[in-house]
Amino acid sequence: MMRKTLLLILLSSVFATMKAQTGNVLYDRIIRQTMLFPQEKAYISTDADSYQPGGRISFHVFLVNAMTHQEDSLSNYVYTELIDSNRVVMSRVRILRNESGFTGYIDIPVDAAKGHYLLRSYTRNMQNVEGYDCLKSIFVGGRARLLPSAENPSVKAKGVNSNNKLAIKRDKDFIKVSVLDMKDPVKTPLHLLGHCRSMPFYFGEISPQKPLLLRNDSLPDGVLSFILLDAGFNSLDEKLIFSQQGKDVCPVKIMLKPAGGQSADPIEGIITAPNLHKDELMNVVVRVSKATVDSPATHSNILSEFLLASDMAGNKEEPASVLSPEVADSLLQGGHWLRYDMPSVIRGICKRASKEKESSACIRGRVLQLIRNKGVEGASVNLISPNKGFFAVTTTDATGRFCFEGMDYPEGTQYVLNAFNKAGKPAVRLQLDEETFPPFTAQLPPYRWIKSNNTSDDDSLLYKKNGSILLKGVDIVSHRPTYASRSDAYARTADFSFGLRDIEAIGATCLHELLRRVPGLTVEMDKCYVRSGATIHGRKPAAIAIDGTFMNEDFDLDNIQLSDVERVDVFKTGSTAIWGAIGGMGVISITTKKGGFEPKAMRKSNTKTFTTLGYQPSQPYTPTWQTPFWNPSLRGQSVRFSLPSTCRSGYRVIVEGMTTDGRIVFGEMTF
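These remarks concern the structure in this document. (Residues numbered from 1 in each chain as written. Predicted model: local features only at pLDDT ≥ 70, side-chain atom pairs only at ≥ 80, totals over all residues. Heavy atoms only, no water.)

So, on to the overall build of the protein chain. Of the regular secondary structure elements, the protein chain holds seven helices and 41 strands. With 671 residues in all, the protein chain has 52% of them scored as buried. As displayed, the protein chain has an accessible area near 30,500 Å², and 52% of this comes from carbon and sulfur atoms. (Helix = DSSP H or I, 4+ residues; strand = E, 2+ residues; numbered from the N terminus. Buried < 20%, exposed > 50% of the residue type's maximum accessible area, 1.4 Å probe, protein only. Areas by Shrake-Rupley, 256 points an atom, 1.4 Å probe, with all protein chains shown as cover.)

Next up, the structure:
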């Protein structure tokens, strides 16, 4: 609560300093929008950029207010996913905020193919604005470098083309903003609004005869938006440019020396920030990894994310090499700043967030009548967690809905839910609200493999400091049966398949969550729809077949525990010939471990046993030869770390983080 109060005070003071420039009307409208709909940014810092199959990705997510870049207390949960090159979500974890922020890990499947993967992080609040979730490229089986979007002419900032009424030119010390002669009549006088992350830095009249000159050193860091307005505050044109003056960056100094002065002694490191403000603290991740042939500029970092990529819509990830005004301006050309609809805000039309912030985990659902699909008011709902010793009771509202709040339990927690009507009878049906997650539909960033890309030795474990030794990894080959998704001709005809090994590696909690990972398939109100599955009579759900037998259309997949499933095959509308006419809208074929599934054996309709996506418990980091040191939660005005004496050369120190005043911390040193 204290952090939120301080943030509101900061926002008020920021806008108060701009009030004389922007005028009361614009000031009130913009600050009202930012208060109605506060937005967030995220950045993923990882312990490495390349891994081997079966490896573990350790990460820390920095979550900040999208306008002030201060650590945001709005959301208490961050979701992070591992996405393969086919845009399928292979794994998803839920990270609960603790005293060190959001720190977690994702394990790469042992049979993962060599290639390009993505980490994606977002909060529920971030889902209110499409295309602004955070991406981080991960390479499995070798090293690669990201290609700047400047090398990919199809990649541009999102938005319609400029109306060509504004022109911006740079020189050494100034930028010049000019209004071009306009043939169509407009309401005059014209005004120009300049803002960065919705914070105005200029507002005033402008005309073709009076261009505006702004000193470069007076501008903030990041994506700057210049909006041309007529006398009625209608938007006529917008131009985006990139500014990097260093005002929002806190540089650091890295020093290394042997702890005892001898070559065999551990190496001590100290990181300081000489220009920290009074009472300002750093919250940083420190990573020491092998200095490989790929340059840090070919990877994304916290600067390229928070200053550029996070203000460009469309799931962008940009390497650090684009952080120059000339290159960044080419990416922003013709685009619009879309976190808020600024032309509407300027006219007084403000938007509220449609999805609520997630301050705690909740279990929601509805109690329905058995025959009619109508909610039961006043029904009693019991929630039990046998392995946590938890018990709670609530009643339904007038629509039959119920909610259990504060369900902050770790992943793997099992629940039993049952409901009874007012008379205490079990003649009701439980419907659980399942968590929905945004699909990933964007293209993966362009990349190029590096020739020297053997990383298998780098992932072996490092010597421990206390004298004991962690041996290098040993591959053990057995002849246990495999459960590959495409192990037979039947599965190979499917568009997507999940074998037993896939299901175990993904760690989904129910069939609906597993199926949501299939591109082009959505789950709505317990029904599964293929994107192209529409007829003249409207949308129809995909057919459900269990052990080769079709179920009724109202069959609930919650009747099958995921632990009983051996394989799931998804046949879209173009691959359902083997199923006949009934599979015209797509088929979801489920094979159970025992076979011969009988609908008669289904459990009672008033009872559900389930496991939600709980938060991930923390795990200690295990050093490797590639990354002998990684600490995601160092905080203070200076921080220290220690390396074993075997890591005396050929390594790179990378420091990423934020200060309590909202400045970006970044530094690196190769030794």
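Having seen the model, we can carry on.
Turning our attention to the pairing of strand S1 (residues 40-46). Extensive coverage of S1 is indicated by the burial of seven of its seven residues. Alternating residues of S1 divide into Glu40, Ala42, Ile44 and Thr46 and Lys41, Tyr43 and Ser45, and every residue in both groups is buried. Pairing of S1 with strand S3 (residues 56-65) involves seven bridges; the strand directions are antiparallel. Its bridge partner being in S3, Glu40 is matched across the sheet by Asn65. (Pairing = 2+ DSSP bridges.)

In total, this model carries 17 aromatic pairs according to the counting rule given. Taking 5.9 Å as the distance between ring centres and 65° as the angle between the ring planes, the aromatic pair formed by Phe139 and Trp449 counts as edge-to-face. On the criterion of sequence distance, the pair formed by Phe139 in strand S8 (residues 134-140) and Trp449 in strand S27 (residues 447-449) is long-range, its members being 310 residues apart. Overall, the relative accessible area of 1% leaves Phe139 in the buried class. (Phe/Tyr/Trp six-rings, centres within 6.5 Å; stacked < 30°, edge-to-face > 60°.)

If you trace the backbone, Lys374 turns up in the loop between strand S21 (363-369) and strand S22 (380-385). For Lys374 and Arg429, which are 55 residues apart along the polypeptide, the C-alpha to C-alpha distance reads 10.0 Å. Beyond its immediate stretch of four places on either side in the chain, Lys374 contacts Arg366, Val367, Leu368 and Gln369. (Contact = heavy atoms within 4.5 Å.)

Moving on to the pattern of salt bridges. Summed over the entire model, instances satisfying the criterion amount to 23 salt bridges. A salt bridge links Asp107 to Arg56; the shortest N-O distance between them is 2.7 Å. A residue pair is termed long-range when its members are at least 10 positions apart, and Asp107 in strand S6 (residues 102-107) and Arg56 in strand S3 qualify at 51 residues. On the accessibility criterion, Asp107 (36% relative accessible area) is partly exposed. The shortest N-O distance in the salt bridge between Glu358 and Arg94 comes to 2.4 Å. With Glu358 in the loop between helix H4 (342-346) and S21 and Arg94 in strand S5 (residues 89-96), this residue pair connects regions lying 264 residues apart in the sequence. (Salt bridge = Lys/Arg side-chain N within 4 Å of Asp/Glu carboxyl O.)

Reading across from one edge, S28-S35-S36-S33-S34 is the order of the five strands in this open sheet, with mixed pairing throughout. Two strands close off the open sheet at either side, each with one partner strand: strand S28 (496-498) and strand S34 (549-550). By the bridge criterion, three bridges tie S28 to strand S35 (residues 565-571) in an arrangement that is antiparallel. Along S35, the bridge assignment pairs Ser497 with Asp569.

Turning our eyes to something else, we now look at unusual backbone geometry. Apart from glycine, the bulk of residues carry a negative phi angle, and the bulk of peptide bonds sit in the trans form. The phi angle at His69 is positive, at roughly 65°, despite the residue not being glycine. Phi is positive for Arg87, close to 65°, though the residue is something other than glycine. With respect to the element layout, Arg87 can be found in the loop between strand S4 (77-83) and S5.

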